[in-house]
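Okay, here's what each chain looks like letter by letter:
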Amino acid sequence: MEGCIISGNRRIGIRSIELEPERSGGPPFSKRLDTALLSLCKEMNVPLPIWLSKNTREFAHFHQTCFFPEQFAEECHFDRFSIRLYDENQGS
């Protein structure tokens, strides 16, 4: 999964993190996604965003979604934070 911090039209930060692999009896995809998002936010020093239904729809359809400043409980100094899930079969 890739996280990108955007201010204006410029990327000011980008990081990638691997989701825990799927395994029999392991945590469901939603839990693995939550864990990866939390790790990505910590690495990028981004407050944890509030996940809305629009994020669920976007992520389900496009494997990516954006979070805007109003979706953070803490003040943030960027215009949006986007996450994107890459299918390992596609390459990056």
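This structure is a prediction, so every number in the text was calculated from the model and none was measured.

Peer 1: Please clarify how the sheet that holds strand β2 (residues 10-16) should be interpreted in this entry.
Peer 2: Remark on secondary structure: sheet strands pair via backbone hydrogen bonds, oriented parallel or antiparallel. Here four strands make up an open sheet; going across it, the order is β2-β1-β4-β3 and the pairing antiparallel. Of all strands in the sheet, those bounded by a partner on one side alone are β2 and β3 (64-67). Pairs of neighbouring strands in the sheet enclose a mean axial angle of 20 degrees, with direction left out of account. The strands touched by helix α1 (residues 29-44) are β1 (2-7), β2 and β4 (80-84); relative to β4, the strand with the most contacts, the crossing angle is about 135 degrees. Along the sheet face, helix α2 (residues 53-62) touches β3 and β4 and points at about 150 degrees away from the line of β3.

Peer 1: Would you explain the nonpolar core in this entry?
Peer 2: Across soluble globular proteins, you tend to see nonpolar side chains buried next to one another. Formed by 19 residues in total, the largest nonpolar core has its most connected members in Met1, Leu40, Val46, Phe72, Phe78, Phe81 and Ile83. For this core, the secondary structure elements donating two or more residues are α1 and β4. Per element, the largest residue contribution to this core is six residues, and it comes from α1. Isoleucine 83 has contacts with Met1, Glu2, Gly3, Leu37, Leu40, Trp51, Phe59, His63, Gln64, Thr65 and Phe67, leaving out every residue within four places of it along the chain.

Peer 1: Sorry, what's going on with the pattern of salt bridges here?
Peer 2: Side chains that differ in sign of charge can pair as their charged atoms come close. Under the defined criterion, the tally for this structure stands at two salt bridges. Across the pair glutamate 20 and arginine 23 runs a salt bridge whose closest N-O atoms are separated by 2.5 Å. The partner of glutamate 58 in a salt bridge is lysine 54, with the nearest N and O atoms 3.4 Å apart. Pair noted here: glutamate 58 and lysine 54 are both in helix α2, with a separation of four residues, about one helical turn. Glutamate 58 gets classed as partly exposed once you look at its relative accessible area, which sits at 25%.

Basis of the calculations
Residues numbered from 1 in each chain as written. Predicted model: local features only at pLDDT ≥ 70, side-chain atom pairs only at ≥ 80, totals over all residues. Heavy atoms only, no water. Pairing = 2+ DSSP bridges. Helix = DSSP H or I, 4+ residues; strand = E, 2+ residues; numbered from the N terminus. Axes fitted to C-alpha atoms, helices over the stretch in contact; angles between N-to-C directions. Contact = heavy atoms within 4.5 Å. Core = buried A, V, L, I, M, F, W, Y, C linked by side-chain atoms within 4.5 Å. Buried < 20%, exposed > 50% of the residue type's maximum accessible area, 1.4 Å probe, protein only. Salt bridge = Lys/Arg side-chain N within 4 Å of Asp/Glu carboxyl O.

From the geometry alone we can't say anything about function, so treat these as descriptive.
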